[in-house]
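# A look at the structure
Here is what each chain is made of, one letter per residue.
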Amino acid sequence: MPEDALELLKGTLDLLILRTLDLRPMHGSAIADRISQVTRGAFQVKAGSLFPALHRLEQEGWIAGAWEASNEGRRVRSYTLTHDGKRQLTVEKKTWRRTVQAMNALLESAG
Amino acid sequence: MRTVKKIARLFRNLLGRDRAEATLDAELSSYVEEQTDRNIAQGMPPEEARRRALLEAGGIAQIKEEVRETWLGHGIEIAWQDIRYAFRSLRRSPGFTVVVIATLAIGIGANLTMFGLLRAVLWRPLPYPEPNRIVMIQVDARNTPNTGATMGEVAALRARSRSFEQVSMINAVDANLEYAGDMEHLPAASISDDFLPLLGVRPQLGRTLDSHIDEGKDQVLAILISDDLWRRRFSADPAVIGTTVRVNNLSVQIAGVLPHGFRLYLPPDVSAAEQIDVWFPYAIDATSPYRGIPVAARLRPGVTIERANAELQTLVAQFEREFPAAYAGSKGRFTARLLHDEMTREVRAALFLLSAAVAFVLLIACVNVANLMLARGSVRQRELEIRRALGAGRARIVRQLLTESLVLALASAAIGLFGARLGLEAIGRLSASHMPLQSRVSIDTPVALAAVGLSVLTSLLFGLLPAWRLASGKTAGTLRAGRTETAGAGARRLQRALVVAEVALSIAPLACGGLMLRSFVKLMQAPLGFNPANLVTATVPFSLKQYPHTEQRYAFLRDVLDRVRTLPGVESVSAASPLPLASYQETRRVGRADQPGAPPTLATQQFAIPGYLGVIGTPLIEGRDFTAADLAPGRAVTIVDEGMAKRLWPEGAIGKFLAVYRTGRQDNLEVVGVTAAVRVTRVRAETIPHYMMPYGDYPGEMSLLVKTRATAAAMAPGIRAAVAAAKGGRAPFDIRPMSDYVADSIGDTRFLLLVLAAFAAASVLLAAVGLYGTLAYLTARRTREFGIRLALGSSVQAIVGIVVRESVLLATTGAAVGLVVAMAVTGAVRELLYGVRPMDGVTLAGVVVLVALVALGAASVPAWRVARIDPQTSLRCE
């Protein structure tokens, strides 16, 4: 069922993480699982790109990390979307849609 | 708001570094545990599950490094780490560190010295409001360059020019102040009313001068004094305003006191001191035909110097028509030039030369240090390999190595700054009167900033190449090889190239220094036409009011001479005005009286009393000296020098008549004697003809010449007492040996020579250190090879020959390249030389010989070491 995993485009990982955290606060591997699930395995986020991205977003002030107990009772660092993060998500969504439209217009043009 | 949050986070990161690390650690291990548990849940054995989880994560250390890079303030952290690391690694090799810092401190210190000097002299604006609107107007008229304006012309310029706001005059004079029973000779200036407003200065006390009020019919009524004089002689008493003092035998009122720290900066040809103590009013009398007053002016806002000069040319055409007597049919030329440019015009070439030399010193220092870094780098290769293996990227290593360079450079700059302070003080002592504006030299914020800038620049210059080479790991594999290997051929070639560059760079300063030395020696040997040895001079001013007639003045002078002659240790005494090589000389246009139409020649004029030639030691070639009879009024006789005689009367000068032209007047003087050519204006100037007249109706001061073996300081009290006893009412000044005048005249060359010599010595020293260091290093690296050669039957001489040959080869290659560079540089400083050509063979050959000797010297220690190589030990070592 899953096709080959897609390579993450530069900048899309931020959008994926912000969108995922828009549902509810989650910790690292839960975010990766969720992204993989929703995109039907198209995006497999590895720890090597996940954690630097999380910390970068946290430094930007878009998400906030805090220690919590996970469903399995493990102590995990869970991230919440902040107010600034919500605004950033709107901006990035808009940018992404414009990119997609532009790409589609190009791909579907005659010839 | 966002920036505030970011700054807050930056501080949180920098302060909460350990907590952040702990959090990251916990977060990642939690992640790995979770993945492990998942793998176990899928049925893997725990060991395998953990291994797979770690593998999937792909290097926890690397993830951590990448996460850290996202943290704000990470750069600062890294820099701090690098700095600590640099200190640790430098402490481990103190010898290297000391040599590098010493080398760079010389380079940076020398450059900061020059920067401080250039800033004070050329770059810092003059301390007057809008200094780039202040100009000096040079007047060339009657075939004489820079002869000064007439008052009529100044008045006309004021009335007609649209380019200038103020046109004012200043004349440097002397003042003899008598106050509270004490007489003092002081530097003074006569100024037109708008001169001080032109410089934007107002008295701190009292009022400015107004020539309508302050200059009476025959005499000055009021003066301004300096803050310095006010504090020194009048105890800074505000009641001094309105006080009457005696100046130059006249009673004058003190009208005002100028502000503290006010200095007068004018071009050298005005010969005004920076610190003027007494200011006289100077009314402009438009009818006076007298020429010779320097003119300063202020451009109107928005007027360019080109426009002002264009206007001056149309005005001078009017002046030629209106004041025919002042031009005598010749063309006039008025040129406005920026005051600051005029002040520094004569020293620009010298400063350029010194800047070039000092830049060479810094380049050599950088090359030297780069070389040392390279040599050290091959030793450090292993350490760097380990760091690379542990995940440090090339950028990270380059950054770390450059940090090390920067730490070295900054330490050197700190020492260099201290050195520059000493250097500038030394220059101050050397060049007191030869470098305009140098009283402003100081180590201030811009100089300190320049030190920082220079260290960044030099650290890049000497650090980039070795850092790049090392980080690129050209010799990859040293980690695997269990021992240090001989440096790659590439590295050795680079090191040799650097040494060649270093030697090449040291040639130019050496050549310039050599040329300056030759010039100086030639100047010392230049035939002056007189003998300055064992002569003490003193200038004796006297009042023309007190002695209105020539006979009275001569009687006074004879009285002084008689009194001085009886002083102990005096062999003979005479008097003249002005002295040869004194800063102020009278020039006149002269010609043959029997050829009135011929274009006049410019000549220097001097008054002398009978016997002067004998005392100063000017040989009389033909004819006779002046006699007492020549002093009678109306005796129109002259003694000319050989230069004048040859030019005007190649057929023989005695008995001919010399025509001396003055405004609206011509005097014919009979030539009674011819002396050897005398250098009067400067030791450098050999072509200006000179003539002497018997002491006559002119001077207000005469200079005594005392032949004695005693020093000027020893003679001074006696001379002062003798002059006071003759009751002329003025104090003698400038009691100094005649040799001082000669030294002053070649002082600019001596200054250049000494500074250049210091720079040249520094560059040769650095080149020698570089040559020695490289040879020692390369030789040490080849110990094994030499051991093998010896074991195979090579003679010790052959091995030593290899080392010496290498040194000489490097040095001569460098010298050859350097000579080409040196020729370009020396050609540009032709005007500073005297009696040598820029391509002077002796100098260049001397430079090459010196460099060859340095090369041999540098090779001697390594060669000696090589000669002692024991083949067995060398093969076992490593």
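Owing to the predicted nature of the structure, the values given are computational and were not obtained by experimental measurement.

### Digging into the overall build of chain B
Counting its secondary structure elements, chain B contains 27 helices and 23 strands. A compact globule built from 878 residues would reach a C-alpha radius of gyration of about 29 Å, whereas chain B, at 37 Å, exceeds it by more than 25%. Dimensions of chain B along its principal axes, counting C-alpha atoms only, are 130 × 80 × 55 Å. By residue count, 41% of the 878 residues in chain B fall in the buried class.

### A word on the nonpolar core
Proteins that are soluble and globular tend to have nonpolar side chains buried together. Counting residues in hydrophobic clusters, the biggest one holds 173 residues, and the most contacted among them are Ile 223, Val 295, Val 361 and Leu 771 of chain B. Ile 223 of chain B has contacts with Val 247, Val 252, Ile 254, Ala 255, Val 278, Trp 279 and Phe 280 of chain B, leaving out every residue within four places of it along the chain.

### Brief notes about the packing of helix α5 (residues 74–92) of chain B against helix α15 (residues 394–430) of chain B
Geometry of a packed helix pair, given as the angle between the helix axes and the separation of the axes. Residues and elements named next belong to chain B. Between α5 and α15, whose axes approach to 9 Å, the crossing angle comes to 65 degrees. As α5 runs across α15, the sense of the crossing is right-handed. Here Ala 79, Asp 82, Ile 83, Tyr 85, Ala 86, Phe 87, Ser 89 and Leu 90 of α5 lie close against α15, whose contacting residues are Arg 399, Gln 400, Thr 403, Glu 404 and Val 407. Partitioning the contact of α5 with α15 into residue classes produces seven nonpolar, three polar and three charged.

### As for the sheet that holds strand β2 (residues 63–69) of chain A
Residues and elements named next belong to chain A. Read from one edge of the open sheet, three strands run β1-β3-β2, paired in antiparallel fashion. The sheet is open, and its two edges are formed by β1 (26–27) and β2, each paired on a single side. Of the pairings in the sheet, the one linking β2 to strand β3 (residues 75–81) comprises seven bridges and is antiparallel in character. Bridge pairing in β3 places Ala 69 opposite Arg 75.

### Here we look at the interface of chain A and chain B
The partner chain B presents 19 residues to the 15 residues of chain A that form the contact. Of all the secondary-structure elements, those providing two or more residues to the side of chain A that touches chain B are α2 (28–38), α3 (47–60) and β3 of chain A. It is α3 of chain A that contributes the most residues to the side of chain A that touches chain B, seven residues altogether. Residues belonging to the side of chain A that touches chain B are distributed by class as follows: four nonpolar, six polar and five charged.

### A word on helix α21 (residues 712–725) of chain B
Residues and elements named next belong to chain B. Spanning 14 residues, α21 covers 19 Å between terminal C-alpha atoms, matching the ideal 20 Å at 1.5 Å per step. All buried positions along α21 are accounted for by Ala 712, Met 715, Gly 718, Ile 719, Ala 722 and Val 723. The secondary structure elements touched by the buried residues of α21 are β13 (535–541), α18 (550–565), β22 (701–708) and β23 (733–737). Following α21 by one or two positions, Lys 727 adopts a phi angle in the positive range, close to 55 degrees.

### What about the pairing of strand β15 (residues 586–592) of chain B?
All names here are of chain B. Direction of pairing for β15 relative to strand β16 (residues 601–608): antiparallel, over a ladder of five bridges. Following the sheet pairing, Arg 589 is matched in β16 by Leu 602. Sheet analysis places β15 next to strand β19 (residues 657–662), joined by four bridges and oriented antiparallel. What sits directly across from Val 590, in β19, is Val 660.

### Re the pairing of strand β14 (residues 570–577) of chain B
Residue and element names in this part refer to chain B. Where β14 lies against β22, six bridges are found, and the strand directions are antiparallel. Considered in β22, the bridge of Ser 572 is made with Lys 707. Bridging between β14 and β16 involves two bridges; their strand directions are antiparallel. Within β16, the residue paired with Ser 577 across the bridge is Phe 607.

### Notes on the packing of helix α6 (residues 94–123) of chain B against helix α23 (residues 747–781) of chain B
Residues and elements named next belong to chain B. The geometry of α6 relative to α23 is characterised by a closest axis approach of 11 Å and an angle of 155 degrees between their N-to-C directions. By the angle between their directions, the pair α6 and α23 is classed as roughly antiparallel. Note that α6 runs across α23; the crossing there is left-handed. On α23, the residues that touch Thr 103, Ile 106 and Ala 110 of α6 are Phe 759, Ala 762, Leu 766 and Val 769. Tallied by class, the residues present in the contact of α6 with α23 amount to six nonpolar, one polar and no charged.

### Some thoughts on the confidence of the model for chain B
Residue and element names in this part refer to chain B. Within chain B, residue pLDDT values average 84, and 94% of them lie at 70 or more. Per-element confidence in chain B ranges from a low mean pLDDT of 68 for helix α27 (residues 871–876) to a high of 94 for strand β18 (residues 637–641). When the criterion is pLDDT under 50, residues 475–487 qualifies, and its contacts beyond four places in sequence or with other chains add up to 15 contacts. In the model output, the complex is listed with pTM 0.73 alongside ipTM 0.81.

Basis of the calculations
Residues numbered from 1 in each chain as written. Chains lettered and ligands numbered in written order. Predicted model: local features only at pLDDT ≥ 70, side-chain atom pairs only at ≥ 80, totals over all residues. Helix = DSSP H or I, 4+ residues; strand = E, 2+ residues; numbered from the N terminus. Rg over C-alpha atoms; globule rule 2.2 N^0.38 Å. Buried ≥ 20, exposed ≤ 12 C-beta atoms within 10 Å, placed from the backbone. Core = buried A, V, L, I, M, F, W, Y, C linked by C-beta atoms within 7 Å. Contact = placed C-beta atoms within 7 Å. Axes fitted to C-alpha atoms, helices over the stretch in contact; angles between N-to-C directions. Left-handed = near helix turned anticlockwise from the far one by under 90°. Nonpolar A, V, L, I, M, F, W, Y, C, P; charged D, E, K, R; others polar. Pairing = 2+ DSSP bridges. Expected span 1.5 Å × (residues − 1). Parallel < 35°, antiparallel > 145°, perpendicular 65-115°, else oblique. pLDDT = per-residue confidence, 0-100.

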